[in-house]
Every structure is written in C-alpha cells, then in structure tokens.
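Chain residues, written in single-letter form:
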Amino acid sequence: MVTEQSSPGVVPHAQVRVDLAAIRDNVAELAVRAAPAQVMTVVKGDAYGHGLVPVARAARAGGASWLGTATMAEALALRAAGVGGRLLAWLNAPGERWADALASDVDVSASAPWAVAEIAAAARETGRTARLHLKADTGMGRAGAPLADWPTLVDDALKAQAEGLVEVVGVWSHLARADEPGEPANAHQLAAFRAAVDLAEARGVRPEVRHLANSAATLTMRDAHFDLVRPGLATYGLSPVPDQAGPADVGLRPAMSVRARLALVKRVPAGQGVSYGHAYVTDRETTLGLVPLGYADGVPRHASGGAAGPGAPVLIGGVTRRIAGRVCMDQFVVDLRDDDVRAGDEVVLFGDAAAGEPTAQDWADAAGTISWEIVTRFAPRLPRVYLNAEP
C-alpha cells in the first residue's frame, strides 16, 4: 500500500519516501535485541523527519511498548491522531501544558523541583494523577538533576506522591558517548545511574521502569538495558555506531530515501564555472544536470562540491556522481560527463546501500555531520510518500 502525505506548496518534482515495513521490522529486531527490556520508540523531531503519526503507528505494529517525544506538542499531536498506549514527553519549560498532558494520558518528566511543583498543580487542577519520570544527570551535562540535587528532586516527588498527585513510575538518564563503545565515560555514567536508582529506591521510589539506553547502548551495552530501552536512530535503519557496524550488520534497513528528477540537462564547455562562487569549474566539455532540491528543502550546503573537496553523492542512471559546486536554496548541479542522461531522469540522493544507493551516512560524511541531522532536516514542502502501510 502506498499513501502520500503532503503540505501546501509541495515540490512536485521531488519526494521523501518512507518504507513503513522497514520501521516495523527494525522495531521488531530491536525488541529481540533488547529483551527482556521493553522498547520505547523515539519519534521526536517528526520521527526524525520520517513523519510522526505514520511512524508511531508502524512502531506500535512492530512491537514498541512505548513511544517517546521530546516536546509536549508532539505527544499531544499523537493523541489527537488517535495513537494510544504508553507515551512519554520529556523536554519542558516552566508553564508547560501539563494539564493537557495529564488529560491526554501522557507520562511526564521532571529534572528539577519546579517541574514537580507544576506537575502537582496540574494534577490538582485536573483531578488526574500524573505518571512521573525523574531524570538524573549522570554525566551528559544537559537535562536531568545534578547528582548533588538528586535527593531533593526525589524527596519532592515522593511528597507529591504521598498526596496522591503523582506516581513516580520511572527513573532515567541519558548517555553522552554510547556511540563510542569502550569509552570510559559510558561505564562512569552507568555507575552513576545505578547510584541514582539506588538512592531513589532507598527513599521509597518503586519505579515501573528504569531507562538509560539510546540506540547505541541498545546495540552495544546490554548492561545498560534495565527495564526499557529508547532507540531513536536505529528505528529508522541507520547505524548509531557507523565506524563499528553498518545497518545491515545489526539487522536493520533504512526506511527513508530522498528522490528527485533532473530539471535540466545541458552541454557546457571546458572552463565553465558552476553555481555561486564558481567553486567547481569543468575540466572539459561536459554535461551538467540540474537537480531541483536545495538547502530550503534540507540539502546541506556543506554537501557542496568543488576545490575544497567532493560533494555529496547522488545516483543517476545507475552511476554514483557527486554534487558539483555550491548547493543553492532550491537546486544543485551534477557533472554528468558524457553519459546519456535526460531531463526527467530519477536522482536518488540517498536510500538503501543494499539497492546500490548512497546512504544517509555517505551524506553525513560528505557534509561533515551525522546521519541523525541528514534525515531530520528535509523540509515539509517535500511530500512524504509512505510505502507498505498496513491496511
């Protein structure tokens, strides 16, 4: 089954394809690797650019017990679309929509006493007991209570629990360097998390789930699985440890491909400068092809090619070529040499290596970034076409 989801002003000559069967299969594979821990599929950032609601449904079908979002707005959008089951939203600021979250049966997270106070106030307002996860900063230096403040956070949550306003159902943290297996910081964070859990339990917390592992830890740190793992990137068939293993090596396959059609093909002489600044100059008479995608669509400008190095790869007519010159807002150019290529021919920016296509990791390498950024940045004006949706 093929379905299409688009927005006003969509680009008709390009699309993002998402294979929902790949999502289902990846989640199922991760569930096997994580067992007996449960799986929370992380669908933040519009499901890493793949589409929040379709991916959430596919993840549930693949065996995800939980879904996780960063923002409350994402969680509430899932509920509005009729997506049920356990759902955690963790990134918040003072004045958050706590009452809406409780009314929509969304689990919430607190990293500081002010959050516990606001959540408790929302529980009084709505008459609904909040399901609360307490986050400890075990070394990431980002969200989470510093370990020096952890006892205060735990005690405040237990006071609210004694009033019937919250139920502390989770204790959690996040790893900073799990994508570097063997890095000593991982062992230090694991020990700090265990200490945080022990302190909370000694004070009376009886968590339903303790969770620490992201995609990399799900695949490489079994002792970090605890009761629940939170794979994000791996859900989408990309490797969180690309230097160690590709997607196929860990039983995953990419769900997203980005495709366009050549808008123009033309012959130019040797010495022709290409795109802004003429960073690329033809070394002979050649054929140039214009691809109607640019940085307004999500193509990284750092994927440009020229004197500073080769651009990102694209597949045209079965041949892998590189971006020639600077990526523009709506277009980029490829040097086609003397190949028989015509306007309208398909261009694959990235997809599945098993099909001979460039990968999101290839693009990340060319642009000096990570595959997480590549897949999440493609803009809503590109229509999403969903393959293998369940009827």
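Refer to the structure above for everything that follows.
Just so it is clear, the structure is predicted and the values come from calculations on it, not from any experiment. Note on numbering: residues in each chain are counted from 1, in written sequence order. With pLDDT at 70 or above as the cut-off, local features in this predicted model cover only qualifying residues; side-chain atom pairs require 80 or more to be listed or tallied, and sums for whole chains, interfaces and linings still use all residues. In computing side-chain values, all of the structure's heavy atoms are included and hydrogens and water are not.

Chemist: Is there a simple way to explain the pattern of salt bridges in this structure?
Modeler: Close approach of charged atoms allows side chains of opposite charge to pair. Whenever a carboxyl oxygen of Asp or Glu lies within 4 Å of a side-chain nitrogen of Lys or Arg, that contact is scored as a salt bridge. Taken as a whole, this structure holds 27 salt bridges when the rule is applied. Glu357 is the partner of Arg259 in a salt bridge, and the nearest nitrogen-oxygen pair spans 2.8 Å. Here Arg259 is found in strand β12 (residues 256-261), whereas its partner Glu357 is found in the loop between β20 (346-350) and α10 (360-367), with 98 residues between them in sequence. Neither residue differs from the other here; Arg259 and Glu357 are each classed as buried. Salt-bridge contacts for Asp335 lead to Arg337; the nearest nitrogen and oxygen are separated by 3.5 Å. Remark: exposure states derive from per-residue accessible area (1.4 Å probe, protein chains only) relative to the maximum for the residue type, with buried under 20%, exposed over 50%, and partly exposed in between. Relative accessible area serves as the criterion here: at 8%, Asp335 is assigned to the buried category. Look at Arg337 and you get partly exposed, because its relative accessible area is 30%. Each member of the salt-bridge network shares a partner with another, and the members are Arg86, Asp105, Asp107, Arg131 and Glu208. In DSSP terms, a helix is any run of H or I states spanning at least four residues, a strand is any run of E spanning at least two, and both are numbered starting from the N terminus.

Chemist: Help me out: how do you make sense of the pairing of strand β7 (residues 130-137) in this one?
Modeler: The side chains of a regular strand alternate between both faces of the sheet. Extensive coverage of β7 is indicated by the burial of eight of its eight residues. As paired elements, strand β6 (residues 107-110) and β7 share three bridges and run parallel to each other. Residue pairing for β7: Val108 is matched across the bridge by Leu132. The crossover handedness rule: strands pointing away from the viewer, path from first strand over the helix to second strand clockwise, crossover right-handed. The parallel pair β6 and β7, bridged by helix α6 (residues 113-126), forms a crossover whose chirality is right-handed. Here six bridges tie β7 to strand β9 (residues 166-172), and the two strands are oriented parallel to one another. Note: two strands are recorded as paired if DSSP finds a minimum of 2 bridges between them.

Chemist: What should I look at first to understand the pairing of β6 in this one?
Modeler: Of the two faces of β6, the one carrying Asp107 and Ser109 and the one carrying Val108 and Ala110 are both buried. Where strand β5 (residues 86-89) and β6 come together, two bridges link them in parallel fashion. Within β6, the position partnered with Ala89 by the bridge is Val108. Regarding topology, helix α5 (residues 98-103) serves as the crossover connection from β5 to the parallel β6, and that connection is right-handed.

Chemist: Help me understand the packing of aromatic side chains in this model?
Modeler: Two aromatic rings are characterised by how far apart their centres lie and by the angle between their planes. In this scheme Phe, Tyr and Trp rings, the latter by its six-membered ring, pair at centre separations within 6.5 Å, and the angle between planes marks the pair as stacked below 30 degrees, edge-to-face above 60, and tilted otherwise. Inspection of every chain in the model, using the stated rule, returns five aromatic pairs. Counting every residue linked through ring pairs, the aromatic cluster contains Phe350, Trp363 and Phe378.

Chemist: Looking at this structure, how should I read the packing of α6 against helix α7 (residues 150-162)?
Modeler: For any two helices packed against each other, the geometry comes down to the angle between their axes and how far apart the axes lie. Working convention: axes come from line fits to C-alpha atoms, limited for helices to the stretch in contact. Angles between N-to-C directions cover 0 to 180 degrees. Where α6 meets α7, the axes come as close as 9 Å, and the angle between the chain directions of the two elements is 10°. The pairing of α6 with α7 is recorded here as roughly parallel in orientation. For the pair formed by α6 and α7, the contact residues are Pro113, Val116 and Ala120 on the first element and Thr152, Leu153, Asp156, Ala157 and Ala160 on the second. Residue classes in the contact of α6 with α7 are distributed as six nonpolar, one polar and one charged. Should an angle lie under 35 degrees it is considered roughly parallel, over 145 roughly antiparallel, and from 65 to 115 roughly perpendicular; all remaining angles are considered oblique. Here, two residues are considered to be in contact whenever any of their heavy atoms come within 4.5 Å of each other. Residue type decides the class: Asp, Glu, Lys and Arg count as charged, Ala, Val, Leu, Ile, Met, Phe, Trp, Tyr, Cys and Pro as nonpolar, and the leftover types, Gly among them, as polar.

Chemist: Hey, could you run me through the environment of Ala217 in this one?
Modeler: Mapping Ala217 onto the fold places it in helix α9 (residues 215-220). Residue Ala217 is classed as buried on the basis of its relative accessible area of 0%. A sequence separation of 174 residues divides Ala217 from Val43, and the C-alpha atoms of the two residues are 18 Å apart. Dropping the residues within four chain positions of it, Ala217 is found in contact with Leu175, Ala178, Arg222, Ala224 and His225.

Chemist: Teacher, can you tell me more about empty space enclosed by the protein here?
Modeler: With a probe scaled to a water molecule rolled over the atoms, the places where space remains empty come into view. Note on definitions: the grid is 1 Å and covers protein atoms alone; a cavity is a set of points where a 1.4 Å probe fits but cannot get out; a pocket is an open set with protein on both sides within 12 Å along at least five of seven lines; lining residues have an atom within 4 Å of a point. Grid points are joined across faces, edges and corners, and a volume is the space filled by probe spheres set on the points. Applying the stated criterion across every chain yields a total of one cavity of 30 Å³ or more. In this model, the largest cavity occupies a volume close to 40 Å³. For the largest cavity, the full set of lining residues is His50, Tyr236, Leu238, Pro254, Ala255, Met256, Phe350, Gly351, Ala360 and Val375. Residue classes in the lining of the largest cavity are distributed as eight nonpolar, two polar and no charged.

Chemist: Just to check I follow, could you spell out the packing of helix α1 (residues 20-34) against helix α3 (residues 52-62) for this structure?
Modeler: Across the interface, α1 lies against α3 with an axial gap of 8 Å and an inter-helix angle of 45°. By the criterion of interaxial angle, the relationship of α1 to α3 is oblique. The two elements α1 and α3 meet at a crossing, and its hand is right-handed. In this structure, α1 uses Leu20, Ile23, Arg24, Val27 and Ala28 to contact α3, whose residues at the interface are Pro54, Val55, Ala58, Ala59, Ala61 and Gly62. Across the contact of α1 with α3, the residue classes break down as nine nonpolar, one polar and one charged. Crossing handedness is read from the near helix: turned anticlockwise from the far helix by less than a right angle, it gives a left-handed crossing, and turned clockwise, a right-handed one.

Chemist: Is there a simple way to think about the nonpolar core in this case?
Modeler: Nonpolar side chains tend to gather and get buried jointly when the protein is soluble and globular. In this description, a nonpolar core means a group of buried Ala, Val, Leu, Ile, Met, Phe, Trp, Tyr and Cys residues linked to one another through side-chain atoms lying within 4.5 Å. With 115 residues, the main nonpolar core has Leu132, Trp150, Phe332, Leu349, Phe350 and Trp363 as its most contacted residues. When near neighbours in sequence (up to four residues on either side) are disregarded, Leu349 contacts Val258, Leu293, Val299, Pro313, Val314, Phe332, Pro358, Trp363 and Phe378.

Chemist: How should α10 be read in this particular structure?
Modeler: Within an α-helix, residues lying three or four positions from one another point in the same direction, as the helix has 3.6 residues per turn. Among the residues of α10, those classed as buried are Ala360, Trp363, Ala364 and Ala367. For α10, the buried positions fall inside an angular range of 100° around the axis, keeping them on one side. Summarising the contacts, the buried residues of α10 are in contact with β17 (313-316), β18 (319-324), β20 and α11 (371-376). Following α10 by one or two positions, Gly368 has its phi on the positive side, about 70°. The reported arc concerns the directions from the helix axis to the C-beta atoms and nothing else.

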